[in-house]
Amino acid sequence: MLKTEKLTKSFGGNIAVNAVDFQINQGEITAIIGPNGAGKTTFFNLISGLHRPTSGKIFLEGEDVTNKPSYEIAKMGIARTFQTTKLFAEATVMDNLIIGHRLRTKSGFWSAVIRSKRYRKEESECREKALQVLEFVGASELANRPVASISQEEQKRVAIALALATDPKLVLLDEPAAGINADETSGLAELIKKMKQAGLTICIIEHKMQMIMNLADRIMVLNQGTKIAEGTPAEISRNETVIEAYLGGTPHAQAH
Amino acid sequence: MRSFPASKWVVPALLLVALAIPLLTDNSYYLNMLIMIFIWTIAVSGMNMIAGYAGQLSLAHAGFFGMGAYTLGLLMAKAQMSFLVSLVMAVALTGIVGAVVGMISLRLKGHYFAIFSLCMGVIISLVIEKWESLTEGVRGLLGIPIPKIGSFEFSTVTSQYYLILFFLVLAMFVNRQIVQSLVGRTFISIRNSEELAEALGINVMQSKILAFVHSTVLAGLAGALYAGYLRFLGPEVASIEHAFEMLLYLLVGGISTLWGPLVGTALVMAMMQLLQSWQDYRMIIFGPILVLIVMFLPHGIMGALARLKMKRQSVLPETIDNENRVIEKGTTDRRLAGGEIDA
Amino acid sequence: MELFFQQIVNGLVLGSIYSLVALGITLIYGIMQLPNFAHGHLYMLGAYVTFFMITHYGLSYWPAILFSVAALVVIGMLLERLVFRPLHHAPHINSMIASIGVMLFIEATARKMWGSDYRRLDSPYDGVIDLFGLTITEQRIIVILSAIALMIGLNLFLKRTVIGSTIEAMAQNREGAFLVGINANKVSLMTFAIASGLAAAAASLAAPINLVYPSMGAMVNLKAFVIIVLGGMGSIPGAVLGGYILGLAESISGTYINSEYKDLAAFALLVFILTVRPTGLFAKEAR
């Protein structure tokens, strides 16, 4: 579904991502793991169009999207979450979510001023979508709560709901389980499985190895910007290079 | 109307009072003051659009006010154009210049944009001051004819009052429609996080330009009305001090609230009038007020009121069974929550 | 040709002043992420203090400057403590607006206390020096040399002392600046002190050449902002270099183009450069 070829990004001499060939298959959960500073988030920033790659190419369903801006990538069906959720803390969950479907609407300034028929239709679509994704992530009861008043784990769910509101094909999750406890982590893993069952393709960055090993269909390991291994969870946990570079000698070690 | 003040009758009542005032008094001192409040409210509401809702602090708005004023003044005084045509041209010109300036400057982030806009404001005011062959420079532009629409002359203070009230209501209506719409939500999402907005498929640059052009058009409109009302202009209308005053009005009333510009402008301008014998002390008082506001009342008067109200509401039990109500509440809360100012 | 060299000297004088003011703004920005719009008004206060110390209290030039620098150091520290430190954790736009409030207050107060008149400070060094056939007033030489001395002094402070190097590290790179273990409050207090002191020194040095009046800080302030935007906000070499470039550009364009539009040149330059390079001339790509 998504493919990168020799994808490279350097920041003034520091190479953050180095010639990575990578593939995300339709309908799978693909995980990217690696120590801090391995270039995982930068890799996400590249495929979601937030940063322009220094060299290399990105293909989405065969189409070259290498230099497309972020908002166009989103329209083509790649949604993402951020490590910090970036939600608007003072607004309600619902208000945060409504904007998620904005990219599928066309109403501009004047139709908003006169509240044209199309505008009213699009606005109610956005609201329906928001309620729908909120239900999907199991957080309907939060609709009217200000984001500031809900828990860390609930915020993570809302952030995922926001990504889903864009009607994506591929969802990039950047450390969705960071900062939440073990119970909540397994709940989140359930949600990610549910997303897969709903036909979404998922790519996830995570430090919690146990969760990844249970969840992922395939794993890529990055170290210092370079891909050092790729394979199924079983293959990765046996891989000598990975164990040496990342797991610090003990297979299945919790990195977190 | 779900905007604050929430009660249905407050806005119509305010409007009725505004319409009735000239019938109750023909004291031109008060009418003049109200006219000035209306004019500056329009300009400040423009500043609110870009700074409050889209989160980009622009200090160029006194410049755009001056540009609107001089465009109307010059077209009427030197090109003998009619009032309406001049007004449209003034608004169009500030919009076009706003679009060009926006395209250049809105790529800049945070402080860079504020500084750039400050410099833009200075450039506009310097051009007005120095281009004497066109603007008469510091001598001032005199001889702007009385505005006329058809055969009706806006020669009395009362007629000007209604003319400017009309544009104030229009501007506030348009702002309300925008703020409480997907377009306004788009602006707010950009203020919240440009990265997130972009990742949600929003063309951030395009939206920022839209917000900026809307805001410069309002500033230009206010300037043009000002020129048509006073009928003489000096280059100080565009001076950077006015931009700072507008910022003061906006912050006192409440940045990123719909009614903040009106409340703040009315309150501060009325206070300035009361303190007129203290003319020299004005900024000695208002400078520290600005500091105290950002420290203790960062959402201004309307923002503080809205917060109080929200607190009271959230004590009430939520009913989720009625979907309509949920949606309605959603809108109110989001708008009420809009008091946040963020870089 | 002689006119040209004369303008070079004038440009260096102007550039010295701009650089010193811009250095203060860039340090404060680097440490606190605050574009201090009141900085030019601290400059103005510095000029007034020197002026009154000489004309009313009979101090001679150099002690008056020292007194002025000391006074502004205190004022700068007070501002940091009373206004900007409490706002440190608020959204950045808040402290920027607060600095506008401080600016309005200082200018109005100066106008009230001292009137809007332009005042002239007579230079104790009104002789001229003949340098390779150029006649230069001593005061101009003093400005140029003192500015260089101050910059060298600042540089030594930033490189050789622990707190200085912390300030530099924080100004240039916010990551990992706390490694040295110095209290952040102390750093921002020191930064305000240094920045205000530099502004006072610049104003006092320039006072005999320029006039002293309440709004004298506004234009210098704006130009210093142009400089640090060009030089990269927070960059120390950028501020120095930018200051001299702008000083020279203004003095040369003022002679050869049109002095009416001299003030415009700086802003036009800024608009042009930001149009081409949105992050300033010397800024590195942010990660």
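Residue numbers here run from 1 along each chain, matching the order of that chain's written sequence. Think of it this way: whatever chain is written first is A, whatever ligand is written first is 1, and the rest follow in order. Where totals are concerned, whole chains, interfaces and linings use all residues; where local detail is concerned, this predicted model gives features only for residues with pLDDT of at least 70, and gives and counts side-chain atom pairs only at 80 or more. Derived side-chain values reflect all non-hydrogen atoms in the structure, with water molecules and hydrogen atoms excluded from consideration.

If you look chain C up in an unreviewed UniProt entry, it shows as Branched-chain amino acid transport system permease protein from Thermoflavimicrobium dichotomicum. UniProt positions are given in the numbering used here, feature names are shortened, and annotations may be inferred rather than shown by experiment. Recorded in UniProt under Sequence similarities (unreviewed entry), the annotation for chain C is "Belongs to the binding-protein-dependent transport system permease family. LivHM subfamily." Under Subcellular location (unreviewed entry), UniProt gives the following word-for-word description of chain C: "Cell membrane".

In the nomenclature of an unreviewed UniProt entry, chain B corresponds to Branched-chain amino acid transport system permease protein from the organism Thermoflavimicrobium dichotomicum. In UniProt, chain B has this text filed under Subcellular location (unreviewed entry): "Cell membrane".

Q: Any chance you could break down the overall build of chain C for me, citing the residues and the numbers?
A: A run of H or I in DSSP becomes a helix once it reaches four residues, and a run of E becomes a strand once it reaches two; helices and strands are each numbered from the N terminus. When helices and strands are tallied, chain C shows ten helices and two strands. Relative to its length of 287 residues, chain C is compact, with a C-alpha radius of gyration of 19 Å against a globular reference of 19 Å. With the principal axes as the frame, chain C shows a C-alpha extent of 55 × 45 × 35 Å. Exposure categories follow from relative accessible area, calculated using a 1.4 Å probe and restricted to protein chains: below 20% of the type maximum is buried, above 50% is exposed, and the middle band is partly exposed. Relative to its full complement of 287 residues, chain C shows a buried share of 54%. Of the contacts made within chain C by residues no fewer than 6 positions apart, 77% connect residues no fewer than 24 positions apart. This count recognises Lys and Arg as positive and Asp and Glu as negative, with His and chain-terminal groups excluded. To locate a charge, the coordinates of NZ of Lys, CZ of Arg, CG of Asp or CD of Glu are taken. The centroid of the 16 positive side-chain charges in chain C is displaced by 11 Å from the centroid of its 14 negative side-chain charges. Only C-alpha atoms enter the radius of gyration, while the globule expectation follows 2.2 Å times N to the 0.38, with N the number of residues. Every residue pair with non-hydrogen atoms within 4.5 Å of one another is taken to be in contact.

Q: Describe the overall build of chain B, with residues and values.
A: Scanning chain B from N- to C-terminus turns up 15 helices and two strands. Across the 343 residues that make up chain B, the buried fraction comes to 62%. Pairs at least 24 apart in sequence give 77% of the contacts found in chain B among residues at least 6 apart.

Q: Lay out the confidence of the model for chain B with the relevant residues and their values.
A: Should the pLDDT be low somewhere, the predicted coordinates at that spot are not to be read in detail. Residues and elements named next belong to chain B. pLDDT is defined as a per-residue confidence score from the predictor, taking values between 0 and 100. Put simply, chain B has an average pLDDT of 86, and 89% of its residues get 70 or more. The secondary structure element of chain B with the lowest average pLDDT is helix α15 (residues 323-336), at 33, and the one with the highest is helix α10 (residues 204-230), at 97. Throughout residues 315-343 the model reports pLDDT below 50, and contacts reaching past four residues in sequence, or to other chains, amount to 75 contacts.

Q: Summarise the packing of helix α11 (residues 240-253) of chain B against helix α4 (residues 92-114) of chain C; cite the residues concerned and give the values.
A: Close contact between α11 of chain B and α4 of chain C brings their axes to 11 Å; oriented N to C, the two are set at 120°. By the angle between their directions, the pair α11 of chain B and α4 of chain C is classed as oblique. Handedness of the α11 of chain B/α4 of chain C crossing: left-handed. Along the contact surface, α11 of chain B presents Phe244, Leu247 and Leu251 of chain B, while α4 of chain C presents Ile97, Ile100, Met103 and Leu104 of chain C. Gly counts as polar in this scheme, as do all residues outside two lists: the nonpolar Ala, Val, Leu, Ile, Met, Phe, Trp, Tyr, Cys and Pro, and the charged Asp, Glu, Lys and Arg. Residue composition of the contact of α11 of chain B with α4 of chain C, grouped by class: seven nonpolar, no polar and no charged. A fitted line through C-alpha atoms represents every axis, and for helices the fit uses only the stretch in contact; the resulting angles, taken between N-to-C directions, go from 0 to 180 degrees. Here is the rule for angles: anything less than 35 degrees is roughly parallel, anything more than 145 is roughly antiparallel, 65 through 115 is roughly perpendicular, and the remaining ranges are oblique. Each crossing gets its handedness from the near helix: less than a right angle anticlockwise from the far helix is left-handed, clockwise is right-handed.

Q: I'd like a description of the sheet that holds strand β5 (residues 63-64) of chain A, backed by residues and values.
A: Residues and elements named next belong to chain A. Strand order in the open sheet formed by four strands is β2-β1-β4-β5, with antiparallel pairing between adjacent strands. Looking at which strands have only one partner, the edges of the open sheet turn out to be β2 (14-24) and β5. When strand β1 (residues 2-11) meets β2, the two strands line up antiparallel, connected through seven bridges. Counted as the bridge partner of phenylalanine 11 is asparagine 14 from β2. Across the sheet, helix α1 (residues 40-47) touches β1, β2 and β4 (55-60), and the angle it forms with β1 is around 115°. A pair of strands is considered paired only if DSSP assigns at least 2 bridges between the two.

Q: Would you mind going over the packing of aromatic side chains in detail, with residue names and values included?
A: Working definition: a ring pair exists when centres of Phe, Tyr or Trp rings (six-membered ring for Trp) sit within 6.5 Å. Plane angles under 30 degrees give stacked, over 60 give edge-to-face, the rest tilted. Applying the stated criterion across every chain yields a total of 21 aromatic pairs over all chains. Judged by centre distance (5.3 Å) and plane angle (75°), the ring pair of phenylalanine 22 of chain A and phenylalanine 43 of chain A falls under edge-to-face. Here the residue phenylalanine 22 of chain A occupies a position in strand β2, and phenylalanine 43 of chain A occupies one in helix α1, the gap between them amounting to 21 residues. Under the relative-accessibility criterion, phenylalanine 22 of chain A is labelled buried at 2%. Consider the rings of tyrosine 29 of chain B and tyrosine 30 of chain B, whose centres lie 5.4 Å apart with planes at 75°: the pair is edge-to-face. Judged by its relative accessible area of 48%, tyrosine 30 of chain B falls in the partly exposed class. Ring-over charges, as used throughout, are those where CZ of Arg or NZ of Lys falls within 6 Å of the ring centre and within 35 degrees of the ring normal. Positioned over the ring face of phenylalanine 82 of chain A is arginine 80 of chain A, at 4.1 Å from the centre of the ring.

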